[in-house]
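# Examining the three-dimensional arrangement
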Amino acid sequence: MTFAYDKAFDLIASRVEEELAKTGFTREKVSSSDPNELVALYTSENVAYSVLYTKDKQQMILRTCAMTADEGPDNDWKTLATWLYDDADATQKDAESIANDFIDGVSGAVAVKRTKQTKSKKKKGDDGNADPKFLAKRFIAVFPELREEIMDEEDYYYPFRGATFAKEHIAPKLPSYINRATNKDLEKLVNILNTQYGNGDTDTRAVITTVLINSLSDADYEKLREYFNDELTIAAKFARKYKGKTVKPEVVKVKKPAERSVS
C-alpha cells in the first residue's frame, strides 16, 4: 500500500524530533512560505537541522546550518542527505528507511562534533568535516547490505579504512547498480556523491574521486557525469587523468575481532 508524502513527512519529522530531543534540540513551530515545500526545523545553541520535502522534485532532504546569537539559523544550509520519495509507489517502509537514515545523520560522531562546534563560516576552498565512514553510511540508502559490512569493518580495524572499504565494498557494487538503474536511481546515487563531496573532509573527497569515480568504466562514468554538480564535475574530470595509477596504500592498525552474541 502506498504512503502519501505528507504522512511520510510527518513520520520522518517526528522520528528526527525524537532523536534530536535526546541532545537538547527543540522543534520550532514553522511553516514554509513556499507552497511547494513541507518543512520541519530543529534548533540548539549552535546548530540547526531541517527536514524538507519538495513536492516538485519529490525529495526528502536533511540539511543543517549554524545558529546565530540573535537571529536563529543563519540559513546557509548544507544538505546532509537526499532521498527521492514518490508517493505513487512509495510505502510506509520506504518512509521508515528514510527516517532511520536521517536519524543516523543527526546522531553519529560527526553530528555530535557539529553540535559542539561554535558558529564559523565556511570559506571557499575549506574542507567539510564529514569523514569517509560517514560517506560509507550514506551509501546504505543504495546498498542496505553495507550496514553489516560497516559493522564488520569497525570490529576488525581501527581507524576505519575509508579508502580500502570503499574500494572493496562500495566500488564493486556500482557497475551492476548503474546497469539496472533508472534515471531516478542514478540521480539518487549521484546526490550522495555531490552532497558528500561538498561536505566531506580531504579524505572523503579523495575516496569519492580517486576510489569510486575512478573505479568506473568510461561508459558508467558517462552515465553518472550528467548528474554531477559543477564542483564534482571539475574534480572528477581532474581525477580521471589519474585513473589506473598506483596510489599509496593506507597503513592501518589491526584490531582484534570482537565477539558477537548470537540470539
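Residues numbered from 1 in each chain as written. Predicted model: local features only at pLDDT ≥ 70, side-chain atom pairs only at ≥ 80, totals over all residues. Heavy atoms only, no water.

### Some words on the packing of aromatic side chains
Heads up, the rule is: Centre distance within 6.5 Å is the pairing criterion for rings of Phe, Tyr and Trp, where only the six-membered ring of Trp is used; planes under 30 degrees apart are then read as stacked, over 60 as edge-to-face, and the remainder as tilted. Helix and strand labels come from DSSP, where a helix needs a run of H or I of at least four residues and a strand needs a run of E of at least two; each type is numbered from the N terminus. We call a residue buried when its accessible area falls under 20% of the maximum for its residue type, exposed when it is over 50%, and partly exposed in between, using a 1.4 Å probe and counting protein chains only. We count a charge as sitting over a ring when the NZ of a lysine or the CZ of an arginine lies within 6 Å of the ring centre and within 35 degrees of the ring normal.
Under the counting rule described, the total for this entry stands at six aromatic pairs. Ring geometry for Tyr-5 versus Tyr-53: centroids 5.2 Å apart, planes at 15°, classification stacked. Residue Tyr-5 is found in helix H1 (residues 5-21), and its partner Tyr-53 is found in strand S3 (residues 47-54); the two are separated by 48 residues along the sequence. Assessed through its relative accessible area of 2%, Tyr-53 is described here as buried. Between the aromatic rings of Phe-160 and Phe-165, the centroid separation amounts to 5.3 Å while the plane-to-plane angle is 45°, which identifies the pairing as tilted. This pair shows no difference in class: Phe-160 is buried, exactly as Phe-165 is. Across from the ring centre of Tyr-157, 3.6 Å away, lies the NZ or CZ of Arg-161, which sits over that ring.

### Comments concerning the confidence of the model for the protein chain
Heads up, the condition is: Every residue carries a pLDDT, the predictor's confidence in it, which falls somewhere between 0 and 100. The contact rule is simple, with two residues in contact once any of their heavy atoms fall within 4.5 Å.
Mean pLDDT over the protein chain works out to 86, with 86% of the residues at or above the 70 mark. Considering each helix and strand of the protein chain separately, the mean pLDDT is smallest for strand S8 (residues 253-254), with a value of 58, and largest for helix H7 (residues 174-180), with 97. Here residues 118-126 scores under 50 on pLDDT; set against residues more than four positions off or in separate chains, the count is 11 contacts.

### Topic: the pattern of salt bridges
The line we're drawing: Salt bridges, as used here, are contacts in which a Lys or Arg side-chain nitrogen is within 4 Å of a carboxyl oxygen on Asp or Glu.
If you walk through the whole model with that rule in mind, you get 13 salt bridges. A salt bridge links Asp-76 to Lys-78; its shortest N-O distance comes to 3.4 Å. By relative accessible area, which is 31% here, Lys-78 ends up partly exposed. Between Glu-231 and Arg-205 there is a salt bridge, with its nearest N and O atoms 3.2 Å apart. With Glu-231 in helix H11 (residues 230-240) and Arg-205 in helix H9 (residues 202-212), this residue pair connects regions lying 26 residues apart in the sequence.

### Observations regarding the nonpolar core
Quick reminder of the rule: As used here, the term nonpolar core means buried Ala, Val, Leu, Ile, Met, Phe, Trp, Tyr and Cys residues forming a set that is joined through side-chain atoms within 4.5 Å.
With 35 residues, the main nonpolar core has Phe-139, Ile-170, Leu-212, Leu-224 and Phe-228 as its most contacted residues. When residues of this core are traced back to their parent elements, those giving at least two are helix H4 (132-138), helix H5 (146-156), helix H6 (162-170), H7, helix H8 (183-199), H9, helix H10 (218-225) and H11. The element contributing the most residues to this core is H8, with six residues. Apart from residues no more than four positions distant in its own chain, Phe-228 is found in contact with Val-190, Leu-193, Asn-194, Ile-213, Tyr-221, Thr-233 and Ala-236. Judged by nonpolar contacts, the second largest core, of 29 residues, contains Ala-8, Val-16, Val-51 and Tyr-53.

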